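Here is what each chain is made of, one letter per residue.
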Amino acid sequence: MKKTVGGQALIEGVMMRCENVKAIAVRRPDGEIFVTKTEPKGILPDSFLRKTPFLRGPLVLIDSMIEGSKDLNYSASFYLEDGQEEETKFDIVMKKLFGKYAEKVLGVFMTIVSFALTIGLFIVLPTLLAKNNVQKTGLVSLREGLIKITIFVLYLFVMSKLKDIHRVFQYHGAEHKSVYCYEQGKELTVENVRAMKRLHPRCGTNFIFLVLMVSIVVFSFINIRTVWLRSIAKLLMFPLVSGISYELIRLAGKYENTFTGLMVYPGMLLQKITTQEPDDSQIEVGIASIKAALGIDGTDKKEYVLSELNKSSADVATEESNQTGA
């Protein structure tokens, strides 16, 4: 039985997660692929909420935001320019205030800022822009939903035009193609992965679009017109929206039929923006990451340079061959 694998594109890298193992592969400036493996616990790892439908979605979403931010910062650290490693005044102040916990505090702060911006763009702004002078609450929610979707699509389109983001989207494509190759039971080689599709039903892009669509339905029950009160009400109902959306995306990943196809179709179209065709060097990174996450990379090491690992494996094979007289 195939294991469920999910991932995320990083700066010159790919993160893959399978069960309790998270693997990150990054193409360093020297061209080598550096791989790390960890076992993150996440929020309330042993709670019944983790196994309860509609309640597990919000926890998964929060985990993804926190871990995703950390992973992006980690991959970016390989590409710091000369001199950027030096501590800034802000770093010094943070260390004085929080000591060894400074990095964790900063990570939480950045997550809160990102969450606040998300609330501002996709909850407060649409509520403010929608003309709430119609009688039917459902029409108000529909207008807000269309504004949210427009903002989201424009944001993705503009970001895709940036050179660095375009490369991240290429690694997103490498991630999807690697997962597809594994799911189809084919050997994880560059040739096999290259031939795979780059649009995947369990993609985060699909999840976000489902959140937007589900929110239109759920928020249509909020019969409040005051902007700040309506925004607070929508924020309080967001765990329900994310819970429903998470179950729908899981359903789409398990079953392929007309219903699930229609459900993920808009998100699949958006993936034509958020995923781009990767080159072979980027595919190699995706393969290194998924092999490490699945535990089929041939080592128990938590950190290693791929070329050195391959070299060591080759040396062992040569040594065994010499001993057997082959």
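Please refer to the structure higher up on the page.
For every chain, the first residue of the written sequence is number 1, and numbering continues from 1 along that sequence. Predicted model: local features are reported for residues with pLDDT of at least 70 only, side-chain atom pairs are reported and counted for 80 or more only, and whole-chain, interface and lining totals are derived from all residues. Only hydrogens and water are set aside; all other atoms, that is, all heavy atoms of the structure, feed into the side-chain values.

**Side note on the pairing of strand S4 (residues 33-38)**
Worth spelling out the cut-off: The buried label applies to any residue whose accessible area, calculated with a 1.4 Å probe on protein chains only, is under 20% of its type's maximum; exposed applies above 50%, and partly exposed to all values in between. Secondary structure elements are defined from DSSP: runs of H or I of at least 4 residues count as helices, runs of E of at least 2 residues count as strands, and each element is numbered from the N terminus. Strands qualify as paired when DSSP identifies two bridges or more between them.
Within S4, 5 of the 6 residues are buried, which leaves the element mostly enclosed by the surrounding structure. Pairing of strand S3 (residues 21-27) with S4, which is carried by 6 bridges, proceeds in the antiparallel orientation. The residue bridging Ala-23 from the neighbouring strand is Lys-37, located in S4. From the end of S3 to the start of S4, which pair antiparallel, there are 5 residues, and Gly-31 there has a positive phi angle of about 95 degrees. Bridge analysis of S4 against strand S5 (residues 303-305) gives 3 bridges, and the strand direction is antiparallel. Within S5, the position partnered with Val-35 by the bridge is Tyr-304.

**Description of the pattern of salt bridges**
Any two side chains of opposite charge can pair, on the condition that their charged atoms come close. Counted only if it meets this: In what follows, salt bridge is the name for a side-chain nitrogen of Lys or Arg lying within 4 Å of a carboxyl oxygen of Asp or Glu.
What the rule picks out here adds up to 16 salt bridges. The closest approach of N and O atoms between Glu-12 and Arg-167, which form a salt bridge, is 2.5 Å. Pair noted here: Glu-12 is in the loop between strand S1 (5-10) and strand S2 (13-18) and Arg-167 is in helix H5 (residues 163-183), with a separation of 155 residues, a long-range link. Residue classification places Glu-12 among the buried residues on the basis of a relative accessible area of 14%. The exposure class assigned to Arg-167 is partly exposed, which follows from its relative accessible area of 27%. When the shortest N-O distance is used, the salt bridge between Glu-277 and Lys-177 registers 3.3 Å. On the criterion of sequence distance, the pair formed by Glu-277 in the loop between helix H9 (258-274) and helix H10 (280-294) and Lys-177 in helix H5 is long-range, its members being 100 residues apart.

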